[in-house]
Amino acid sequence: MDEKYTRMAPAEVLRRIAERKKQLGGEVCILGHHYQRDEVFQFADFTGDSLKLSQQAAGTGARYIVFCGVQFMAESADILTPADCAVILPDLSAGCEMADMAEADDVAGALNRISDAAAGAIVVPITYVNSAAAVKAVTGRAGGACCTSSNARSVFEWALRPEDKGGAGGAKILAAPDQHLARNTALAMGYELDDCVMYDPAAENGGLTDEQIRDATFILWKGYCYVHQVFTVKQIERVRRDRPGIKVIVHPECPHEVVAAADLAGSTEQILRAVADSPAGAGWAVGTEVHMVARLAGDNPDKYVRLLSDTPAVCESMSRIDPPHLLWVLDNLAEGRVVNRISVSATIAADARKALERMISIKAER
Ligand code: 13P
Ligand code: SF4
């Protein structure tokens, strides 16, 4: 990006973004994830959680999608949109640390190892959308599906119905890369902690014996989101002590003790709806990314909304999408140039699409 964008006065950057957006009209669709900073979020044509945004992307009909989110979201959008639609990520360094914890070759290797040890059970890979396109492709090739934080339970239930997949020996799930979403989903379905084992890609054989694999229903990849690791049960106890009657709602990327102690857990969109639909005067402590929680507080002035922790939970990757980068990509589009295009190779996209479309076809919990 040209240095002139970082030197420009912030108010001037915002003024120019608004002007460019008007000029480009329906050619460009800006998508904004809930974790985006306000200065960027205000320009989004559509906002939402990962599932909602991937569906919006598939249906916009725009020539250009500027995705104000992170790499895996833009990749999913590219996979789900027609080839003549260009998906742009304003800053290519906006990755996701959790997605980086699962490499495609390691997931394929784990799938082989677990299938060999599974004593005839089908092993269905379920890949959180917070993953690289190549990992989704491994999943699609192996008959698995993607899931998001808003539909994980429906997808897990589908995976454990082996009759759908022609198997008689039962089914197991290999869930990557987020151990917490997977564990929380298994527990919500009525399974026990003992039904889950953790696969460590850095350890020989994933650190698991054949017997451990045979006895488990859920094999969880050893991945996590650092943003959601900051929330604790102690914080929940404290906010309840400070404000009796307050409700605690957290994202399912939080550890299972935190989800168990909270009143509710859900995707970013589900959190937004729970707070928005609550009566005036309600109190909420929210365990997810700070930019979203601050916006929730501002959008619900008749309620008390606070971050669950005192220390801010910031997704550094999401924060990389700033107004100067947004203006830079729009200026280029206005001059007929596409910069920072996210382009998933056709072979990876074809297999990854199977996993994403399987997810979309499984009834979402909404
Ligand atoms: P949502 O699908 O709930 O928006 O979550 C995406 C994410 O990255 C949470 O950390
Ligand atoms: Fe990835 Fe965590 Fe950021 Fe979500 S909050 S994009 S999981 S690093």
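For the structure, check the block above.
The model shown is predicted, which means the values in this text are computed figures rather than measured ones.

Student: With reference to specific residues and values, describe the pattern of salt bridges.
Tutor: By the definition in use, this model includes 19 salt bridges. Here Lys21 and Asp45 are joined by a salt bridge, their closest N and O atoms 2.6 Å apart. Residue Lys21 is located in helix α2 (residues 10-24), and its partner Asp45 is located in the loop between α3 (38-41) and β2 (46-48); the two are separated by 24 residues in the primary sequence. With a relative accessible area of 24%, Lys21 lands in the partly exposed category. The class of Asp45 is partly exposed, set by a relative accessible area of 35%. Salt bridges sharing partners connect three or more residues here, namely Glu12, Arg15, Arg16 and Glu19.

Student: How would you summarise the site of ligand 2 if you had to cite specific residues and measurements?
Tutor: Within the structure, ligand 2 sits among Tyr35, Cys96, Glu97, Met98, Asn130, Cys225, Tyr226, Val227, Glu253 and Cys315. Split into classes, the residues belonging to the shell around ligand 2 amount to 7 nonpolar, 1 polar and 2 charged.

Student: How would you summarise the nonpolar core if you had to cite specific residues and measurements?
Tutor: Within the largest apolar cluster, 106 residues are counted, with the highest numbers of intra-cluster contacts made by Val66, Phe67, Ile126, Phe156, Leu326 and Leu330. Residues contacting Val66, with those up to four places away along its chain left out, are Val28, Cys29, Ile30, Leu31, Ile88, Pro90, Leu326, Val329, Leu330 and Leu333. By size, the runner-up hydrophobic cluster in this structure holds 21 residues, among which are Leu111, Ile114, Val135 and Ile219.

Student: So what's going on with the packing of aromatic side chains? Residues and values would help.
Tutor: Counted by the stated rule, this structure contains 3 aromatic pairs. Both rings, one in Tyr191 and one in Phe218, keep their centres 4.8 Å apart while their planes meet at 85 degrees; by these two values the pair is edge-to-face. Placement of Tyr191 in the loop between α9 (179-188) and β8 (196-199) and of Phe218 in strand β9 (residues 218-221) is noted, with a sequence separation of 27 residues between them. Residue class for Tyr191 comes out partly exposed when judged on its relative accessible area of 28%. A centroid spacing of 5.3 Å and a plane angle of 20 degrees characterise the contact between Tyr199 and Trp221, whose relative ring orientation is stacked. Of the two residues, Tyr199 is situated in strand β8 and Trp221 in strand β9; the sequence distance between them amounts to 22 residues. An aromatic cluster of at least three residues, connected via ring pairs, comprises Phe156, Tyr191 and Phe218. For Arg243, the ring lying beneath its charged end belongs to Tyr304, and the centroid distance is 4.0 Å.

Student: So what's going on with the sheet that holds strand β7 (residues 171-176)? Residues and values would help.
Tutor: Ordered in space as β6-β5-β7-β9-β8, the 5 strands form an open sheet in which the pairing is parallel. Only two strands of the sheet have a single neighbouring strand rather than two, namely β6 (145-147) and β8. Ignoring strand direction, the axes of neighbouring strands in this sheet form an average angle of 30 degrees.

Student: How would you sum up unusual backbone geometry? Please name residues and give values.
Tutor: At the junction of Ala176 and Pro177, the peptide bond is cis and its omega measures out at -5 degrees in the coordinates. One non-glycine residue with positive phi stands out, namely Asn205, at about 55 degrees. For Asn205, the position within the fold is in the loop between β8 and α10 (210-215). Take Asn205: its relative accessible area is 42%, and that puts it in the partly exposed class.

Student: I'd like to hear about the side chain of Ser267, residue by residue, with values.
Tutor: Position of Ser267 among the secondary structure elements: in the loop between β11 (264-265) and α13 (268-276). Reaching out from Ser267, the side chain makes a polar contact with the side chain of Asp49 at a distance of 2.8 Å.

Student: Tell me what's going on with the side chain of Gln36, and back it up with residues and numbers.
Tutor: Within the element layout of this structure, Gln36 appears in the loop between β1 (28-33) and α3. For Gln36, the side chain forms a polar contact with the main-chain oxygen of Met318, separated by 3.3 Å. What Gln36 contacts, discounting residues up to four positions off in sequence, is Phe41, Cys68, Gly69, His291, Arg295, Met318 and Ile321.

Student: Before we move on, could you go through the site of ligand 1 and cite the residues and values that matter?
Tutor: Around ligand 1, a shell composed of His33, Tyr35, Asp49, Ser50, Asn130, Ser149, His228, His251, Glu253, Ser267 and Thr268 is seen. His33 is positioned with one of its side-chain polar atoms (N or O) 2.7 Å from an oxygen atom of ligand 1. Here an oxygen atom of ligand 1 and a side-chain polar atom of Asn130 are 3.1 Å apart. Its residues placed into classes, the shell around ligand 1 shows 1 nonpolar, 8 polar and 2 charged.

Student: Quick one: what's the story with helix α5 (residues 71-80), residue by residue and with numbers?
Tutor: One turn of the α-helix equals 3.6 residues, which is why residues spaced by three or four share an orientation. For α5, the buried fraction is high: 9 of the 10 residues fall into the buried class. Along α5, the positions that sit buried rather than exposed are Phe72, Met73, Ala74, Glu75, Ser76, Ala77, Asp78, Ile79 and Leu80.

Student: Account for the environment of Ala262, with residues named and values stated.
Tutor: Among the structural elements, Ala262 can be located in the loop between α12 (256-261) and β11. A C-alpha to C-alpha distance of 10.0 Å links Ala262 and His251, two positions 11 residues apart in sequence. Once residues within four sequence positions are removed from consideration, Ala262 is found in contact with Ile236, Arg240, Val248 and Val250.

Student: Talk me through the sheet that holds strand β4 (residues 86-88); I want residue IDs and the actual numbers.
Tutor: To summarise the sheet geometry, strands pair through backbone hydrogen bonds and adopt either a parallel or an antiparallel arrangement. Spatial ordering of the open sheet is given by β2-β1-β3-β4-β14, a layout of 5 strands whose pairing is mixed. This sheet does not close on itself; its edge strands, each paired only once, are β2 and β14 (341-342). With respect to the sheet, helix α4 (residues 50-59) is in contact with β1, β2 and β3 (64-68), its orientation differing from that of β2 by roughly 150 degrees. Helix α16 (residues 323-334) rests against β1, β3 and β4 of the sheet, and its axis sits at about 175 degrees to β3.

What counts and what doesn't
- Residues numbered from 1 in each chain as written.
- Chains lettered and ligands numbered in written order.
- Predicted model: local features only at pLDDT ≥ 70, side-chain atom pairs only at ≥ 80, totals over all residues.
- Heavy atoms only, no water.
- Salt bridge = Lys/Arg side-chain N within 4 Å of Asp/Glu carboxyl O.
- Helix = DSSP H or I, 4+ residues; strand = E, 2+ residues; numbered from the N terminus.
- Buried < 20%, exposed > 50% of the residue type's maximum accessible area, 1.4 Å probe, protein only.
- Near = heavy atom within 4 Å.
- Nonpolar A, V, L, I, M, F, W, Y, C, P; charged D, E, K, R; others polar.
- Core = buried A, V, L, I, M, F, W, Y, C linked by side-chain atoms within 4.5 Å.
- Contact = heavy atoms within 4.5 Å.
- Phe/Tyr/Trp six-rings, centres within 6.5 Å; stacked < 30°, edge-to-face > 60°.
- Lys NZ or Arg CZ within 6 Å of the ring centre and 35° of its normal.
- Pairing = 2+ DSSP bridges.
- Axes fitted to C-alpha atoms, helices over the stretch in contact; angles between N-to-C directions.
- Polar contact = N/O pair within 3.5 Å; in protein donor to acceptor, adjacent residues only side chain to side chain.

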